[in-house]
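# Structural overview for review
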Amino acid sequence: MELSCTFDDDHQKDGEVDETDSTIGVGGPELQDSMQPSEGPQEDDERTISITDVSPFIRCTICTGFFIEATTITECLHTFCKSCIVKHFFYSNRCPKCNVVVHQTQPLYNIRLDRQLQDIVYKLVPNLERNEKKHMHEFYKERGLEVPKLTTPQPCTVKPGKQRRGLHAQSVFRIPPELDVSLLLEFVGAEEGIDNYKPLEKKFVRVSGDATIRHVELFIRRKMGIGPACQVDVICGDHLLESYRSLRDIQKTLGESSIQDGLLVLHFGLVLPPGYKD
């Protein structure tokens, strides 16, 4: 059994498809026969699916076109064209679909290419891959630039000795310099009457020093599923921290007393606001 697509060539231009005349068939060459009325029994595996049924899953909500270099946000798993989401992050750090904060300062760190999804799109939409490569070549040639060559990764052979050590050193992950503060978030408990929250699974966080206590509070609320009726108090040592203070300022002000093994230690608890009534 193979997956085949049939499209009306008169409505196709530059990889775009007229969805009203397009079907995805299961059953190969017998597709057209299965679309015609027939008095005889039909095979169970001969059925048609309109491309409009799968179109929402293979189109970018920013440009409304089919995915090109499908790229997924790791925080919320929404997918867009790579060029679309990169341009979007120039002026916003939120997902354009669900509005979740992808990253406070560097949202591009939290996106990944989805090669499997892109392969599916190229198989479902005839000529899309060919037209995209053609446009890419024209783009580079018009600007006098060298056209990049798409190569498949080759298995590498590692020789013993210094080359092996050098290769190992290059593969070590390095934390970006913008993320200059390491946090240790310690939960100290909740006030009586507060029990509808989830445990904080990851208490070690790497963030920018420009992030404020308000950002830390929002992070805790989201990860623990805390509603607005509950108050989050963040403490460093004996100091109750104001929401506007930045992490870098706290490190400078409190000094070594706030640092433990290179981590800025913040304790937090859940309390009910003054005058709260059930």
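Residue indices begin from 1 for each chain and proceed along its sequence in written order. Only residues with pLDDT of at least 70 get local features here, since the model is predicted, and only at 80 or more are side-chain atom pairs given and counted; chain-wide, interface and lining totals rely on the full set of residues. Think of the side-chain values as coming from all heavy atoms in the structure, minus any hydrogens and water.

## Things to note about the overall build of the chain
Note the following rule: Secondary structure counts use DSSP, requiring at least four H or I residues in a row for a helix and at least two E residues in a row for a strand, with both numbered from the N terminus. Buried means the residue's accessible area, taken with a 1.4 Å probe over protein chains only, is under 20% of the maximum for its type, while exposed means over 50%, and partly exposed covers the values in between. By definition in these notes, contact holds between two residues if any of their heavy atoms fall within 4.5 Å. The Shrake-Rupley method, run with a 1.4 Å probe sphere, supplies the accessible areas, and residue values consider only the shown protein chains as cover.
Each helix and strand in the chain was counted, giving eight helices and 12 strands. Within the span of the chain, comprising 278 residues, buried residues form 32% of the whole. Taking the contacts inside the chain whose residues are at least 6 apart along the sequence as the reference set, 59% of them involve residues at least 24 apart. Accessible surface, the chain: about 19,000 Å² in total, of which carbon and sulfur atoms supply 51%.

## Overview of the confidence of the model for the chain
The following threshold applies: Per-residue confidence from the predictor is given as pLDDT, running between 0 and 100.
The predicted model of the chain averages 76 in pLDDT, with 71% of residues at 70 or higher. Taken element by element, the predicted model of the chain shows its lowest mean pLDDT in helix α1 (residues 31-35) (42) and its highest in strand β5 (residues 79-81) (94). Below pLDDT 50 for its whole length, residues 1-35 participates in 76 contacts with residues either more than four positions away or in separate chains.

## A word on the sheet that holds β5
Formally: Strand pairing is assigned whenever DSSP identifies at least 2 bridges connecting the two strands. Only the stretch in contact is used when a helix axis is fitted, and all axes are lines through C-alpha atoms; the angle between N-to-C directions ranges over 0 to 180 degrees.
Read across the open sheet, the three strands follow the order β5-β4-β6; overall the sheet is antiparallel. The outermost strands of the open sheet, each flanked by one partner alone, are β5 and β6 (111-113). Within this sheet the neighbouring strands show an average axis-to-axis angle of 35°, counted without direction. Note: strand β4 (residues 70-73) against β5, three bridges, orientation antiparallel. Pairing of Thr-72 across the sheet is with Thr-79, part of β5.

## Here's the deal with the environment of Leu-254
The residue Leu-254 is located in helix α8 (residues 247-254) in this model. Under the relative-accessibility criterion, Leu-254 is labelled buried at 16%. A C-alpha to C-alpha distance of 8.5 Å links Leu-254 and Cys-236, two positions 18 residues apart in sequence.

## Some words on the state of the cysteines
Put simply, the test is: Defined by distance alone, a disulfide is two cysteine sulfur atoms within 2.5 Å.
The full count for this structure, using the stated rule, is zero disulfides. The thiol sulfur of Cys-81 is not disulfide-bonded, and the nearest other cysteine sulfur, from Cys-63, lies at 3.8 Å. For Cys-81, a relative accessible area of 3% translates into the label buried. The cysteine Cys-95 is free of any disulfide, with Cys-76 supplying the nearest cysteine sulfur at 3.6 Å. Among the residues examined, Cys-95 registers a relative accessible area of 2% and is labelled buried.

## Some details on the nonpolar core
The criterion, for reference: The definition of a nonpolar core used throughout is a set of buried Ala, Val, Leu, Ile, Met, Phe, Trp, Tyr and Cys residues joined through side-chain atoms within 4.5 Å.
The biggest cluster of nonpolar side chains holds 24 residues, and the ones touching the most others in it are Leu-183, Leu-185, Ile-220, Leu-247, Ile-250, Leu-264 and Leu-266. Breaking this core down by element, the ones donating at least two residues are β7 (181-190), β8 (204-207), α7 (213-224), β9 (231-236), α8 and β12 (263-271). When near neighbours in sequence (up to four residues on either side) are disregarded, Leu-266 contacts Leu-183, Leu-184, Leu-185, Glu-186, Ile-213, Val-216, Val-234, Ile-235, Cys-236, Leu-241 and Leu-247. If you look at the next biggest cluster of nonpolar residues, it comprises 23 residues, including Cys-76, Cys-84, Val-100 and Leu-117.

## Points about the environment of Arg-115
Position of Arg-115 among the secondary structure elements: in helix α4 (residues 115-124). When its relative accessible area of 59% is taken as the criterion, Arg-115 is described as exposed. A C-alpha to C-alpha distance of 6.9 Å links Arg-115 and Ala-70, two positions 45 residues apart in sequence.

## Regarding the packing of aromatic side chains
So the rule is basically this: What counts as a ring pair is set by centres within 6.5 Å for rings of Phe, Tyr and Trp (its six-membered ring), and what kind of pair is set by the plane angle: stacked under 30 degrees, edge-to-face over 60, tilted for all other angles. The rule is short: NZ of Lys or CZ of Arg within 6 Å of the ring centre and within 35 degrees of the ring normal puts a charge over the ring.
This structure, assessed with the given rule, holds three aromatic pairs. On the basis of an interplanar angle of 75° and a centroid distance of 5.6 Å, the ring pair of Phe-187 and Tyr-197 is categorised as edge-to-face. Of this pair, Phe-187 sits in strand β7 while Tyr-197 is found in the loop between β7 and β8, placing the two residues 10 residues apart along the sequence. According to the relative accessible area criterion, Phe-187 is partly exposed, its value standing at 33%. The residue whose ring lies beneath Arg-59 is Phe-66, and the NZ or CZ to ring-centre distance is 4.1 Å.

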